[in-house]
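As a plain string of letters, each chain reads:
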Amino acid sequence: MHPRPTTALPGNFPTRRPRRLRQSESMRALVREQHLRADQFIYPLFVSERISAPVAISSMPGQYNWPVAALAAEAERIAATGVRAVLLFGIPEEKDAIGSSSWSPDGGVQQAIKAIKRAVPEMVVMTDVCLCEYTSHGHCGVLLQSGDHILIDNDPSLELLARQAVSHAAAGADVVAPSDMMDGRVGYIRAALDREGLTNTAIMAYSAKYASAFYGPFREAADSTPQVGDRRSYQMDPANGREALREVELDIAEGADILMIKPATLYLDVLARVRDRVDLPLAAYHVSGEYAMLKAAVERGWLDERRAALEALTAIRRAGADLIITYYAPDAALWLSAEQGF
Ligand code: PBG
């Protein structure tokens, strides 16, 4: 027998009952504060100059390295899910000390931009601008000194990054996204784009990009692991939250159009603090390791993939992101459209 109070309730019995608004899915939907939509998603794509058919990325189940020739069909598949933006990464045939293949007018990324725009003209095409995939040493800037003491030369790196950004924009990219974390690169790239008349190309700055262990699967996919040392002299210390605000202020002052925090779910506090301070569009990157962790648990039957992935993405929105860069983009878009209505 369950006890049922029939007489007057004690004075402190709860009269505020939040559960009143949780009783049915329709009621929950009415009071829901955040909604995920396919048009908030940006889908990363790896474009490889080394292959002629898609190659599965083993640590990122469901993701592939794509040859340019396969991208028109892939862009159409992505668009059909409702996702309207992609972020391209290049895996070049040739590497050298300064990453010069990255600004080749007929490089993989440059060709991919054109192929995607031809297949799906309304797709927003963004490109990652960085040197690590293109340099023989795997660092994101010019390597001044190797050995025990890695030294990245900031200012000469800016010129190389700007060449790459201009080349992507000239090929038709809508947005360039510098991920190198060199100081001053947003302003430098903005000036270079403007000088070339590419004033309509937007910049999405990887403003607060942490030196994270969670980029491991990406580096396997993009073949961009540093040959010596690590990225801690340019990417941010995971222990620092306030510093992200300073990075963001600089990127705004230098002309960034969209700001980004990366990774996402371990850095929701950073996202929320930045959201409080800025009114520019704010993106968060749910990175390869965050994706791989979910996939690994799902493969073992330990997590329900749809629920876990949508919960992670919803949390990123709740913390303050407008846009989410996620390997789940097409799947999540399909899950969301299947959920609409009754
Ligand atoms: C290039 C770059 C990286 C990622 C995005 N751009 C790798 C890195 O900085 O080592 C990581 C993305 C991911 O893990 O999904 N600098």
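Everything numeric in this text was worked out from a predicted model, so none of it was measured.

Novice: With reference to specific residues and values, describe the environment of Arg231.
Specialist: Of note, Arg231 is situated in the loop between α6 (216-222) and α7 (242-253). The sequence separation of Arg231 and His139 amounts to 92 residues, and the corresponding C-alpha distance is 7.3 Å. Apart from residues no more than four positions distant in its own chain, Arg231 is found in contact with Cys132, Gly138, His139, Cys140, Arg219, Ser224 and Pro226. A polar atom in the side chain of Arg231 sits 2.6 Å from the backbone oxygen of Ser224.

Novice: Now, about the packing of helix α8 (residues 268-277) against helix α10 (residues 305-319): what can you tell me, with residues and values included?
Specialist: Contact geometry of α8 with α10 gives a least axis separation of 8 Å together with a crossing angle of 35 degrees. Here Leu268, Leu271, Ala272 and Arg275 of α8 come into contact with α10, specifically with Ala315, Ile316, Arg318 and Ala319. For the contact of α8 with α10, the residue count by class is six nonpolar, no polar and two charged.

Novice: Now, about the site of the ligand: what can you tell me, with residues and values included?
Specialist: Surrounding the ligand, one finds 19 residues, the nearest of these being Lys209, Arg219, Lys262, Ser288 and Tyr327. Measuring from an oxygen atom of the ligand, one finds a side-chain N or O atom of Tyr327 at 2.6 Å. A total of 400 Å² of accessible area belongs to the ligand in isolation, and the protein chains cover 100% of it. Along the lines of polarity and charge, the residues of the shell around the ligand split into eleven nonpolar, three polar and five charged.

Novice: Before we move on, can you summarise α8 with the specific residues and values?
Specialist: Every buried residue belonging to α8 is among Leu268, Val270, Leu271 and Val274, and all of these are buried. Looking straight down α8, one finds its buried side chains confined to an arc of 155 degrees; they lie on one side. Along α8, exposed side chains directed more than 90 degrees from the buried face belong to Asp276 and Arg277. Here the buried face of α8 lies against α7, β10 (258-262), β11 (282-286) and α10.

Novice: Give me the pairing of strand β12 (residues 323-326): which residues, what numbers.
Specialist: Burial along β12 is two-sided: the face carrying Leu323 and Ile325 and the face carrying Ile324 and Thr326 are both buried. Where β11 lies against β12, four bridges are found, and the strand directions are parallel. The residue bridging Tyr285 from the neighbouring strand is Ile325, located in β12.

The rules we used
Residues numbered from 1 in each chain as written. Predicted model: local features only at pLDDT ≥ 70, side-chain atom pairs only at ≥ 80, totals over all residues. Heavy atoms only, no water. Helix = DSSP H or I, 4+ residues; strand = E, 2+ residues; numbered from the N terminus. Contact = heavy atoms within 4.5 Å. Polar contact = N/O pair within 3.5 Å; in protein donor to acceptor, adjacent residues only side chain to side chain. Axes fitted to C-alpha atoms, helices over the stretch in contact; angles between N-to-C directions. Nonpolar A, V, L, I, M, F, W, Y, C, P; charged D, E, K, R; others polar. Near = heavy atom within 4 Å. Areas by Shrake-Rupley, 256 points an atom, 1.4 Å probe, with all protein chains shown as cover. Buried < 20%, exposed > 50% of the residue type's maximum accessible area, 1.4 Å probe, protein only. Arc of directions from axis to C-beta. Pairing = 2+ DSSP bridges.

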